[in-house]
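Structural characterization, general
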Amino acid sequence: MDVVGGRYFQAGNSSQNWSARDWARAVGGALAERLGPALSEAVAACSVELPKSCWALLVAARLENERRLAVHRRALGELAPVLEARGIATVLFKGLALERHYPAAGVREADDVDLLVTQEDLAAVEASLRELGYRRWAGGGRPSSGYALVYAREVGNAEEVQLDLHPSWHELSLTDGGERVRVGDTCERVLRIELDGIKWSMLPPSVELYLAAAHAVLHSLRTLSVYLDLAVLLCAAGPDALDYSHTVARVTGRQRHLRHAVSAAAELFRLPLDRRHMSLPRRLGVPVAVRVGYLGFGRRFLPSSLVMELLLRRGLRRKLTFARWVLGHKPRQAELAHVTGGRPKRVARMLHGLRWLKGTLLRYQVPGSLLLRP
C-alpha cells in the first residue's frame with residue numbers, strides 16, 4: 001500500500017528499508033488482493049528495488065492482466081458495430097471504464113466486461129451476443145430486470161471472455177434511450193469517451209464513485225483493489241462528486257456503505273477526508289485493518305455480501321427486498337440441477353441462495369509456497 005500510494009497519490013512510503021521477507025509477504029498480499037499489476041507498475045515507476053523472485057511474480061501478473069484486457073478490448077471491438085447497426089445504446093462501466101482514471105494502462109485487474117443496458121434493449125443485446133457466438137451462462141430470475149445476465153464465449157486455448165449485461169445495478173438504470181443514467185431520484189448525462197478508436201458511453205465520475213462505494217460492500221470478493229478504485233475516483237472526481245454521492249446515498253439508504261468504503265479507501269492510501277464523510281468506527285479510532293477484516297497472520301475475513309448489506313443498509317424494507325433478491329438469484333443451470341433434487345425450481349433457487357450467507361477467508365501466500373508455485 002505504501003508503494004502504490006506513493007505512485008498514485010504522492011503519499012510517502014517506507015518500503016526502501018524492507019527486507020526480502022517483507023517484500024515476499026507484500027507481494028503475496030498484493031496478488032491475493034488483486035493489486036499485483038498495480039504494484040508492478042508502481043515499483044517500476046518509483047524505481048523501487050525488490051528481490052528478483054518477487055519482481056518476476058509481479059511482472060507475470062501484469063502481463064497476464066494486459067493479455068486479459070486485450071481480449072476484452074477485442075470483444076468490445078467486435079460487439080460495437082453490431083450494436084450500432086441496431087441502434088442500441090449501452091454504457092460501459094467498471095473494468096475498462098474505470099481504467100481511464102489510473103495513471104497507467106493495464107494495471108487495473110478485470111475478469112469480465114460490464115454493460116449497462118435499458119430494459120427495452122435487453123432482448124436485442126442478447127440477440128446480438130448470440131450472433132457473435134456467446135452463450136447464456138448465468139443470471140436472470142424474477143424480476144429479470146434485477147439481475148445481471150452473464151454471457152460467455154470461448155476465445156481459444158479453453159479461455160472464455162465473459163460479458164455481463166445489467167438492466168440495473170445498485171440503483172443505477174438507463175433512461176432516455178441510454179442518454180442518461182438514473183441514480184436514486186437523480187439523472188445524469190452519460191459521457192462519450194473513445195476506447196480503441198470506438199466511442200463508448202461511460203458513467204460520469206460522480207456516479208462511478210457512488211457505484212464503487214456500493215461495490216466495495218456488495219462485491220462477492222471485496223479485495224483491496226475495490227478500495228484502490230475508490231481512492232483513484234476520489235482524486236479524479238473531486239470533492240463535489242463525493243458530496244453528490246453522499247446526497248444520493250442518503251436517498252437510497254447507502255450512507256453507511258459510502259462512509260465505510262470511503263473511510264477505508266482514504267485511510268489505506270493516506271488521502272485527506274472530511275470528518276462528515278467518515279464512518280463511525282473510523283471516528284472512534286478503530287484501525288483500518290480491523291474494519292476491512294484483517295485477522296493477522298496473512299488472513300482477511302470477508303463477511304458475505306448479504307450480511308454486509310443487512311448490517312449497513314438503512315430501512316427494513318430495503319433489507320428485506322435485497323435478501324429476497326439474493327436468495328432468489330438464478331444460478332447457473334449446472335448448479336441448479338445439482339440442488340434441485342426433484343424440488344420445485346423456485347424452492348431450489350432459495351436453498352441455493354443461502355450460499356450467499358457464507359463469508360470468504362482470504363489467505364496471503366508468501367512467494368515460494370505451494371499455492372504460488374507454477
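These figures come from a predicted structure and were not determined experimentally. Sequence order as written defines the numbering, with residues in each chain counted from 1. Residue-level local features of this predicted model are given only where pLDDT is at least 70; pairs of side-chain atoms are given and counted only at 80 or more, and the full residue set underlies all totals for whole chains, interfaces and linings. Hydrogens and water molecules were not included; the side-chain quantities draw on all heavy atoms of the structure.

**A few points about the nonpolar core**
- Among the nonpolar cores identified, the biggest contains 65 residues, and Tyr8, Leu172, Val181, Tyr227, Leu228, Leu230 and Phe269 are the most heavily contacted of them.
- Think of it this way: any DSSP run of H or I at least four residues long counts as a helix, any run of E at least two long counts as a strand, and we number them from the N terminus. Top element by residues in this core is helix H8 (residues 225-237). It accounts for eight residues.
- The contact definition used throughout considers only heavy atoms, calling two residues in contact when any of these lie within 4.5 Å. The residues contacting leucine 172, other than those within four sequence positions of it, are Leu116, Pro167, Val181, Arg182, Val183, Leu203, Val207, Tyr210 and Leu211.
- By nonpolar core we mean a set of buried residues, namely Ala, Val, Leu, Ile, Met, Phe, Trp, Tyr and Cys, connected to one another through side-chain atoms within 4.5 Å. Whether a residue is buried, partly exposed or exposed follows from its accessible area with a 1.4 Å probe, protein chains only, as a fraction of its type maximum: under 20%, in between, or over 50%, in that order. Formed by 27 residues, the second largest nonpolar core is a distinct cluster that contains Ala80, Ala97, Val113 and Leu149.

**Quick notes on empty space enclosed by the protein**
- Using only the protein atoms, space was sampled on a 1 Å grid; points where a 1.4 Å probe fits but cannot get out form cavities, open sets with protein on both sides within 12 Å along at least five of seven lines form pockets, and lining residues are those with an atom within 4 Å of a point. Grid points are joined across faces, edges and corners, and a volume is the space filled by probe spheres set on the points. One pass over the full model with this rule turns up two cavities of 30 Å³ or more.
- Volume-wise, the largest cavity comes out at about 90 Å³.
- Lys94, Leu98, Arg108, Glu208, Leu211, Ala212, His215, Val226 and Asp229 are the residues that line the largest cavity.
- Put simply, the parts of the chain that give the lining of the largest cavity at least two residues each are helix H7 (205-218) and H8.
- No other element matches the four residues that H7 contributes to the lining of the largest cavity.
- Here the nonpolar group is Ala, Val, Leu, Ile, Met, Phe, Trp, Tyr, Cys and Pro; Asp, Glu, Lys and Arg are the charged ones; every other residue, Gly included, is treated as polar. The residue inventory of the lining of the largest cavity, partitioned by class, reads four nonpolar, one polar and four charged.
- The computed volume of the second largest cavity comes to approximately 40 Å³.

**Focus on the layout of surface pockets**
- The space that makes up the second largest pocket amounts to roughly 800 Å³.
- For the second largest pocket, the lining is made up of 30 residues, of which Met1, Arg25, Ala26, Gly29 and Tyr364 are closest to its centre.
- Contributions of two or more residues to the lining of the second largest pocket are made by helix H1 (2-9), helix H2 (20-32), helix H10 (255-268) and helix H12 (288-291).
- Ranked by residue count, the leading element in the lining of the second largest pocket is H2, at eight residues.
- Taken together, the residues of the lining of the second largest pocket sort by class into 18 nonpolar, four polar and eight charged.

**Notes on the confidence of the model for the protein chain**
- Confidence scores per residue from the predictor, reported as pLDDT, run from 0 to 100. Taken as a whole, the protein chain shows an average pLDDT of 84; of its residues, 85% reach a score of 70 or greater.
- Within the model, the stretch residues 141-145 combines pLDDT values under 50 with eight contacts to residues more than four positions away or in other chains.
- Note on residues 332-343: pLDDT under 50 across the span, and 11 contacts to partners over four residues away in sequence or across chains.

**Overview of the side chain of glutamate 309**
- Position of glutamate 309 among the secondary structure elements: in helix H13 (residues 305-312).
- According to the relative accessible area criterion, glutamate 309 is buried, its value standing at 0%.
- With sequence-adjacent residues up to four places away left out, glutamate 309 is seen in contact with Val217, Leu218, Arg254, His257, Lys319 and Phe322.

**Some points on the pattern of salt bridges**
- The working definition used for a salt bridge is a side-chain nitrogen of Lys or Arg within 4 Å of a carboxyl oxygen of Asp or Glu. By the definition in use, this model includes 27 salt bridges.
- A salt bridge links glutamate 160 to arginine 135; the shortest N-O distance between them is 2.5 Å. Of this pair, glutamate 160 sits in strand E5 (residues 159-166) while arginine 135 is found in strand E3 (residues 135-139), placing the two residues 25 residues apart along the sequence.
- Accessibility expressed as a relative area gives 34% for glutamate 160, which makes it partly exposed.
- Here arginine 135 falls in the partly exposed class, since its relative accessible area comes to 39%.
- Overlapping salt bridges, with partners in common, bring together Glu171, Arg254, Glu309 and Arg313 in one network.

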